[in-house]
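# Close look at the chain arrangement
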Amino acid sequence: MAAAMVVLISFPAAAKAYYTTTVDSAFSEHQAKEIVKITARQDSLLQPGSENPVMYFQNLVYKRRLDSLRKTVPLPYNEHVQHFIDLYLDKAKGKIGRALGLAKYYFPIYEKVFDYENIPQEIKYLSIVESDLNPYAVSRVGATGLWQFMYTTARMYGLTINSWLDERKDPLAASHAAAAYLRDAYREFGDWLLAIASYNCGAGNVKRAIARAGGKYDFWAIRPFLPRETQNYIPAYIATVYLMNNYKKHHISPIPADISIKTEVLQVNNTVSLESIAEAISVNSSELAYLNPAYTKKIIHASPSSPRSLVIPAVNNVYYSALYNVLNITPGQEKPVIIAAAYSKKALPVYYKVKKGDNLSLIARKFNVEVQDLKVWNNLKQGVIVPGQELQVSAADYKEPNTAAYITYEVQPGDTLLKIAEKFKGVTVSDLKRVNNLQGPELKPGILIKIVKG
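The paragraphs below set out a description of the structure included in this document.

Scoring rules and cut-offs
Here, residues in each chain are numbered from 1, in the same order as that chain's written sequence. Residue-level local features of this predicted model are given only where pLDDT is at least 70; pairs of side-chain atoms are given and counted only at 80 or more, and the full residue set underlies all totals for whole chains, interfaces and linings. In computing side-chain values, all of the structure's heavy atoms are included and hydrogens and water are not. Going along the chain from the N terminus, every DSSP run of H or I of four or more residues is numbered as a helix, and every run of E of two or more is numbered as a strand. Exposure is judged per residue with a 1.4 Å probe applied to protein chains only, and the accessible area is read against the type maximum: over 50% gives exposed, under 20% gives buried, and values in between give partly exposed. It only takes one pair of heavy atoms within 4.5 Å for two residues to be counted as in contact. What sets the accessible areas is the Shrake-Rupley method with a 1.4 Å probe; for residues, cover comes only from the shown protein chains. Lines fitted to the C-alpha atoms define the axes, with helices restricted to the stretch that makes contact. Angles between their N-to-C directions range from 0 to 180 degrees. Angular relationships are summarised with four words: roughly parallel below 35 degrees, roughly antiparallel beyond 145, roughly perpendicular across 65 to 115, and oblique for the angles in between. Definitions for this section: a left-handed crossing has its near helix turned counterclockwise from the far helix by less than a right angle. A right-handed crossing has that turn clockwise. Under the scheme applied, nonpolar residues are Ala, Val, Leu, Ile, Met, Phe, Trp, Tyr, Cys and Pro; charged residues are Asp, Glu, Lys and Arg; polar residues are all the others, including Gly. The rule is short: rings of Phe, Tyr and Trp, with Trp giving its six-membered ring, pair when the centres are within 6.5 Å, and they are stacked under 30 degrees, edge-to-face over 60, tilted in between. Put simply, a charge is over a ring when the Lys NZ or the Arg CZ is close to the ring centre, within 6 Å, and near the line of the ring normal, within 35 degrees.

For the chain, the helix and strand inventory stands at 18 helices and 11 strands. With 454 residues in all, the chain has 45% of them scored as buried. Counting only contacts in the chain whose residues sit at least 6 apart along the sequence, the fraction spanning at least 24 positions is 65%. On the chain, roughly 24,300 Å² of surface is accessible, and the fraction owed to carbon and sulfur atoms is 51%.

Right, dumping it as structure tokens:
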């Protein structure tokens, strides 16, 4: 980026001072000098009610930056736009930083859709105003997803919403619907800012505002007659476009997204849980759910006649076989027995001598295990212990492969690790956590977990 230029500006007597102002690199040196000459010569060039030439000059900088961004959608500069620029810089730099990081994933999707639908590319920034690029965003009135569709409007524009699926949260489907709405609004009003205003408050409100403004098809003319939220909607949009393109000039740093930017899209023809897919390709289940937010139960409910898309992070080819197996289990098919590396003991377990006042709960907390683990390891039927008794308080250190088998168990509603462990003789909660790489007790119905059979 070219270095900013510092100009010493001599203003008219009204200013009674010299000002040092940083000039944006969008201005050439010649242009800067011309602005200085004109400003010094004509007090009348100052904004009405303003006696601060520096502020006026800075406003010219903002205007110049917005003018340089304009493509199809008008991006006028005025006090309303400046208010939102100032507001974001004061209180929402983090919002812009997060949007810059997430935009690396979402904007290429929007750009392809808008190119296909013949919608101006700069409207992609509207999604930041709507949802902060959060597919799970829900407004106080129920508008949902990246493009904040209400239920009725979403259905009108072809989005599916049922107990399994809410396409308002799907980046691709919702972007097509948003593009279709905006295209229809532009055909009706012939102005992109009015089409965008319509996206916020509906075509009816825009029509009534136009009528009250004497038939003027201009957002700034009808602005006083629009709902207050929509009066601020367009300035907020323009301010967002400005900051997303000039963030470096305001010392805003992009915050990297917590999702994979490089992804693959697969077609799924069966009902399968996102948890089982995440396990097969060794990715975080939360990330996979975020990449596939439309599946409300984290289960893809698909069939050969009604396939669904699955977005996964770009993965190593080594996982393709496991992924294929997961995606091709047909409903009703017997759950597979997975022959895998079980483990033989390499180190002896830890033992503890019971002291006076001890009970299983205290000992379990002391060694960060479950009471059920202690019962299984020590063959305790009633959970009664006595001082001086020696208890095994840890599993063996499992390292080297041995021949054994895992079976899979499908988690049912209401299941916990403890309940599942108690269904299988000799299985402990610690076994389930270790074998399935579980960090916490949370389990989702429908996922498959491994049960080691010793």
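Where helix α7 (residues 171-189) contacts helix α9 (residues 203-212), the two axes come as close as 12 Å, and the packing angle between them is 20°. When the axis of α7 is compared with that of α9, the two are roughly parallel. By crossing handedness, the relation of α7 to α9 is classed as right-handed. Where α7 abuts α9, its residues Tyr 181, Glu 188 and Phe 189 lie against Ala 203, Val 206, Lys 207 and Ile 210. Looking at the contact of α7 with α9 residue by residue, the class counts come to 5 nonpolar, no polar and 2 charged.

Here we come to the packing of aromatic side chains. Scanning the model with the defined rule gives 18 aromatic pairs in all. Here the aromatic rings of Tyr 186 and Trp 192 are separated by 4.1 Å at their centres, their planes lie at 10°, and the arrangement is stacked. Its relative accessible area of 32% is what places Tyr 186 among the partly exposed residues. On the numbers, 5.4 Å between centres and 65° between planes, the contact of Tyr 352 with Phe 367 is edge-to-face. In this pair, Tyr 352 is assigned in strand β8 (residues 351-353) and Phe 367 in the loop between α15 (360-366) and α16 (371-377), connecting sequence segments 15 residues apart. In this structure Tyr 352 comes out as buried when scored by relative accessible area, which is 12%. On the basis of relative accessible area, Phe 367 is assigned to the partly exposed category, the value being 28%. Just above the ring of Tyr 62 sits the side chain of Arg 65; from NZ or CZ to the centre is 5.7 Å. Positioned above the aromatic ring of Phe 367 is the side chain of Lys 366, whose terminal nitrogen or guanidinium carbon lies 5.9 Å from the ring centre.

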